[in-house]
Amino acid sequence: QALIAEATAEYATALYLGRDMNRADSALELAATRLRGSGFLEQARRMDIRRVDALAEGGGTPVEELAARLTMIKKEATSSEDWEAVALALDAELRLHSAQEDMDGINTVFKEFREVSAKGRADADAVAVCQLGLAMGVLFGNPADALRAATEALTLTKVAKRHRLLALWRYLVVMQYRGLALTVEVQPLLEEA
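Residues numbered from 1 in each chain as written. Predicted model: local features only at pLDDT ≥ 70, side-chain atom pairs only at ≥ 80, totals over all residues. Heavy atoms only, no water.

K.L.:
Quick rundown of the packing of aromatic side chains? Include the residues and the values.
P.N.:
One pass over the full model with this rule turns up 1 aromatic pair. The lysine or arginine in question, R19, covers the ring of Y16, its NZ or CZ lying 5.0 Å from the ring centre. (Phe/Tyr/Trp six-rings, centres within 6.5 Å; stacked < 30°, edge-to-face > 60°. Lys NZ or Arg CZ within 6 Å of the ring centre and 35° of its normal.)

Pasting the structure below:
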């Protein structure tokens, strides 16, 4: 049963990363169910977060429902001290608020990123995801803080490599918005990405 759950999760993740959201939606739901049934709660939460992301991209589910799902995931992850899942849910929530141009929601998510980063200091992946989220502040009027966050995420993902590509991408976004994308120090990061 565990092997089937993990294989389903890999399949669902491949569909999600390939941006085949119509097929990914049901596969992610099945993967989360199978992972939970096998006792892999942390992995199930990540499937749930990806599913919310897939539903958001599909556009057929009301934003309020998606936000409520993320809130439930964050509560479950917080009670389990799964700070990386909390951070990933916040990152998905940031995209929801951004699509709605909801600055109050965006500012609330940034505040939560800072809180989770402090709580999850021992979890480099969690802190990296928080910093990746804070790096998106470059889009909302705080380029200096965004650059600090993007730089910290780059440093953290040298060790916690799971989020390295996203760290590179967000750093490049920050540098692009600051007009520094073509500088010499950015070239090796662009090549790595």
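Read on for the rest.
K.L.:
An account of the packing of helix α8 (residues 143–156) against helix α9 (residues 164–177) is requested, with residue identities and associated values reported.
P.N.:
Running from N to C, α8 and α9 point in directions that differ by 155 degrees, and their axes come no closer than 9 Å. Relative to α9, the element α8 is oriented roughly antiparallel. For the element pair α8 and α9, the recorded crossing hand is left-handed. Of α9, the residues touching α8 (which contributes A146, L147, A150, T151, A153 and L154) are R164, A167, L168, Y171, V174 and M175. (Axes fitted to C-alpha atoms, helices over the stretch in contact; angles between N-to-C directions. Helix = DSSP H or I, 4+ residues; strand = E, 2+ residues; numbered from the N terminus. Parallel < 35°, antiparallel > 145°, perpendicular 65-115°, else oblique. Left-handed = near helix turned anticlockwise from the far one by under 90°. Contact = heavy atoms within 4.5 Å.)

K.L.:
Hey, could you go over unusual backbone geometry for me, with residue numbers and the actual values?
P.N.:
A positive phi is found at E81, a non-glycine position, where the angle reads about 55 degrees. Looking at the secondary structure, you find E81 in the loop between α4 (63–79) and α5 (83–99). Given a relative accessible area of 58%, E81 falls into the exposed group. The phi torsion at E101 lies on the positive side, around 55 degrees, for a residue other than glycine. Within the secondary structure, E101 sits in the loop between α5 and α6 (103–119). E101 sits in the exposed class, given a relative accessible area of 70%. (Buried < 20%, exposed > 50% of the residue type's maximum accessible area, 1.4 Å probe, protein only.)

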